Amino acid sequence: MEEKDLQSVEYFVKREVLDELCLDEVAQKETWSTKLTLGDQVKEPLRCSVPRLKHILLTWVPVLSWLPRYSIRENALGDLISGCSVGIMHLPQGMAYALLASLRPVYGLYTSLFPVLVYFIFGTSRHISIGTFAVISIMVGSVTERLAPDSNFIVNGTNGTETVDIDKRDAYRVQVACSLTVLTGIFQILLGVVRFGFVVTYLSEPLIRGYTTGSACHVCVSQLKYLFGITPSRFTGPLSLIYTVLDICSLLPQTQVPELVVSLVALAVLIVVKEINDCYRQKLPLPIPIELVVVIAATIITHFCELPSKYNIDVVGEIPSGLKAPRAPDTTFFSGVIGDAFAVAIVGFAINISLSKTFGLKYGYKVDSNQELVALGLSNTIGGFFHCYSVTSSLSRSLVQESTGGKTQVAGVISSIIVLITVLKIGPLFEDLPKAVLSTIVFVNLKGMFKQFMDVSLLWKTNKVDLLVWLVTFISTIVLNLDLGLAVSVAFSMLTFIFRTQLPRYSILGNLPGTELYLDTDTYKEAKEIPGIKIFRSSATIYYTNAEMFLEVLQEKTGIEIGKLLSAKKKRDAKQKRRQEKEKKKTKKEAKKQESQMNIENVSERTKGERKGNSVAFSMTETATDGLHKGQMNLAYEPDITMSDSDSATGSDHITEFSRHGDEEKKQACESGTHSIILDISTTSFVDTVTVKTLKNIFRDFGEVDLDIYLAGCQACVVEQLEAADFFSASIPKSRLFITVHDAVLYIRKKQWKAYFVLVGHHQYLSHF
């Protein structure tokens, strides 16, 4: 009932019609500039004071702003429980995702330790869990396998067979991964320092979701070899995923049954318990750590049943206890991984900021995108020195951290402590863990990404352009691999944006009777066009890519082909000029003929009296005077006063003909009855030089065929840009610019009424005489 009453509320506003000049006076537009000069802008960042230094320090090191105010009573218990839960998840996921990066599992544990501590100091999000992630791991793995393939480390065995020097290969891959990670971090830090965090806005949600879904397919295929216990060939470049799948299918007859059984059992247990966690999420105080349980159980069973020796099951192998000393990355790899590093930097940040913004909006705190870039970059750069590979936030761990009561990044520190204890003391106990079990953990955690296939049906119903972006991103990621796929996806997404602005919706607006609203006549039946006035609107900003189309559609929608009208006008002007010249010559010829005739008559009658001569002169003067009163004398040509009455009548016919041509021109220019056009540019947010030139040409060309052009709804910033471009002049005054379409319509109608009354008054005056 209340909503119905609110909908019936009416309002009445009485004010004068406002053009831009009147608005400046009424609203008291500022004529001074509040912007700093270039010198002040340079000096401002260089000024140093204690408050400024404190602000800079708290901005770049956020932990100093929130940690002193940390409430132990409100946050400690939740952070402790959350940190333990996430730490338990870090252990199996870190080891599993390290396999995706083609590294030994212990490096996944390192990656779950050092970057988390760095983010605790520099990050602004309170709920995300930094560490290993499937998509980033597979991107790193594609680089390490490309630069350090098995074929580069083949050595001759004792019995003449060729084998791969695994230790040397793995050490070389660690160097590649660390160099890639440090370069990734450098890119992220530089982008954050120059405040380039907005770059992620060019990665739309459909693009990110399509890319992560395609990456999930790459992750899935890369883990099939552990599930079936086979060794497929390695392929690189476009279509490598397709070739890998075909190779795996050809190797299926060589499947190791024991490893397949281990994989299926672990997969079944993980799926069932994770579904239980999802169904009873509200009732369980903590989710069942099934991943850790499976890892421990599989390790114990494999060790005591001696599965590696009996059934040749592939296990994790040696896990050194303790931490390795930091080591500087090999900069010689930078030139070979620069493109991959930039791709990893952008994708990692896009995933990180999307999760951070989600939790920030949910819990009402600000997430600084530029500081997130710096925090993630420092996590990668510092982590690269400690044998870590590239990190980002994980959706599954972040959801667990939030759902178990985590309030701050203290939970991340607690999870790091658990990982640290594992690395120092417990790590060697997992040496007999089957790699097949780790691969099943990866598979199960891909569930959320594969559910993104449901986006296809949703986008089909809501936005087919976004659906096209999703499909192109997914297909290009599958076909062209992760690096080229991302480049193609971003390029295609930008093209869709450009095409949307190049092909906006153009409308002719009509008035909704009884209101000041002007709506699209094709959409609203009750919207009626105002006779003689065309109101034209574009749904997008007018700039150089669509300015030409704006002019073309304007002519099409209004039914006025300005090119033809101008050509016809030029032809009529040229024809009229030739006719005038012809008449002028004819008049002169007739005048000379009459003058000769008169001279002959004067000579023959010279003997006549003076009285008769005076009578003739008087008669000629009277005739000329009569012709002038009748409006039949063309004064521009100044014919001789001896012109006869018949010649005067001929001149009258020509004058009438010229007047008729002028009326026909005006009639052709306004065949549809249009005398005014209003351009609604309220959707335009900026103008460039092409736009200014196009608008000037519209005012000039339409004005030549007696059509008045007006602008309406122009934003203040656009008005300033038009003034800076010298758009306004004597031919285009500011009085042609109105704040609303309704103001322009009222002005035009008032102008037409004035012209009508002037015309009626003129006719009445003439009829009086």
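1. Things to note about empty space enclosed by the protein
Here is step 1: Applying the stated criterion across every chain yields a total of two cavities of 30 Å³ or more.
Here is step 2: Approximately 60 Å³ is the volume found for the largest cavity.
Here is step 3: Those elements that provide at least two residues to the lining of the largest cavity are α11 (205-228) and α16 (334-363).
Here is step 4: Per element, the largest residue contribution to the lining of the largest cavity is four residues, and it comes from α11.
Here is step 5: When grouped by side-chain class, the residues that make up the lining of the largest cavity number eight nonpolar, one polar and no charged.
Here is step 6: Reported here for the second largest cavity is a volume of approximately 30 Å³.
Here is step 7: Lining the second largest cavity are Val86, His90, Val116, Ile128, Ser129, Ile130, Gln401, Gln409, Gly412 and Ser415.
Here is step 8: Secondary structure elements with two or more residues in the lining of the second largest cavity: α6 (72-100) and α19 (410-426).
Here is step 9: Residues belonging to the lining of the second largest cavity are distributed by class as follows: four nonpolar, six polar and no charged.

2. Notes on the nonpolar core
Nonpolar side chains in soluble globular proteins tend to end up buried together.
Here is step 1: Ranked by internal contacts, the top residues of the largest apolar core, which has 116 residues, are Met95, Met139, Val347, Leu433, Leu438 and Leu446.
Here is step 2: Here this core gets 14 residues from one element, more than from any other, and that element is α16.
Here is step 3: Ignoring anything within four residues of it in the chain, the contact list for Leu438 reads Pro92, Met95, Ala96, Leu99, Val316 and Leu433.
Here is step 4: Judged by nonpolar contacts, the second largest core, of 33 residues, contains Tyr506, Ile508, Val718 and Phe727.

3. Digging into unusual backbone geometry
Here is step 1: A positive phi angle is found at Ser102, which is not glycine, with a value near 60°.
Here is step 2: The topology assignment puts Ser102 in the loop between α6 and α7 (105-111).
Here is step 3: Looking at Ser102, the relative accessible area reads 10%, which means it is buried.
Here is step 4: With phi around 60°, Arg195 is a residue other than glycine that occupies positive phi space.

4. Observations concerning α6
Here is step 1: With 29 residues, α6 should reach 42 Å at 1.5 Å per residue; the first-to-last C-alpha distance of 39 Å fits that figure.
Here is step 2: The largest bend in α6 comes to about 30°, at His90, with the proline Pro92 one to four residues further on.
Here is step 3: Residue Ser102 follows α6 closely and has a positive phi angle near 60°.

5. Focus: the pattern of salt bridges
Here is step 1: In total, this model carries 23 salt bridges according to the counting rule given.
Here is step 2: Note that Arg104 and Asp170 form a salt bridge whose closest N and O atoms lie 2.9 Å from each other. With Arg104 in the loop between α6 and α7 and Asp170 in helix α10 (residues 166-193), the pair connects residues that are 66 residues apart, well separated along the chain.
Here is step 3: Residue Lys274 pairs with Glu291 through a salt bridge whose shortest N-O separation is 3.4 Å. Within this pair, whereas Lys274 is found in helix α13 (residues 257-279), its partner Glu291 is found in helix α14 (residues 290-304), the two being separated by 17 residues in sequence.

6. Brief notes about the confidence of the model for the chain
Here is step 1: Averaged over all residues, the pLDDT of the chain is 82; the fraction at 70 or higher stands at 86%.
Here is step 2: Contacts for the low-pLDDT stretch residues 612-663, under 50 throughout, to residues beyond four places or in other chains number 29 contacts.

Analysis parameters
Residues numbered from 1 in each chain as written. Predicted model: local features only at pLDDT ≥ 70, side-chain atom pairs only at ≥ 80, totals over all residues. Heavy atoms only, no water. 1 Å grid on protein atoms, 1.4 Å probe; cavity = no way out; pocket = protein on both sides within 12 Å on 5 of 7 lines; lining within 4 Å. Points joined across faces, edges and corners; volume = space filled by probe spheres on them. Helix = DSSP H or I, 4+ residues; strand = E, 2+ residues; numbered from the N terminus. Nonpolar A, V, L, I, M, F, W, Y, C, P; charged D, E, K, R; others polar. Core = buried A, V, L, I, M, F, W, Y, C linked by side-chain atoms within 4.5 Å. Buried < 20%, exposed > 50% of the residue type's maximum accessible area, 1.4 Å probe, protein only. Contact = heavy atoms within 4.5 Å. Expected span 1.5 Å × (residues − 1). Bend = angle between axes of the 7 residues up to and from the residue. Salt bridge = Lys/Arg side-chain N within 4 Å of Asp/Glu carboxyl O. pLDDT = per-residue confidence, 0-100.

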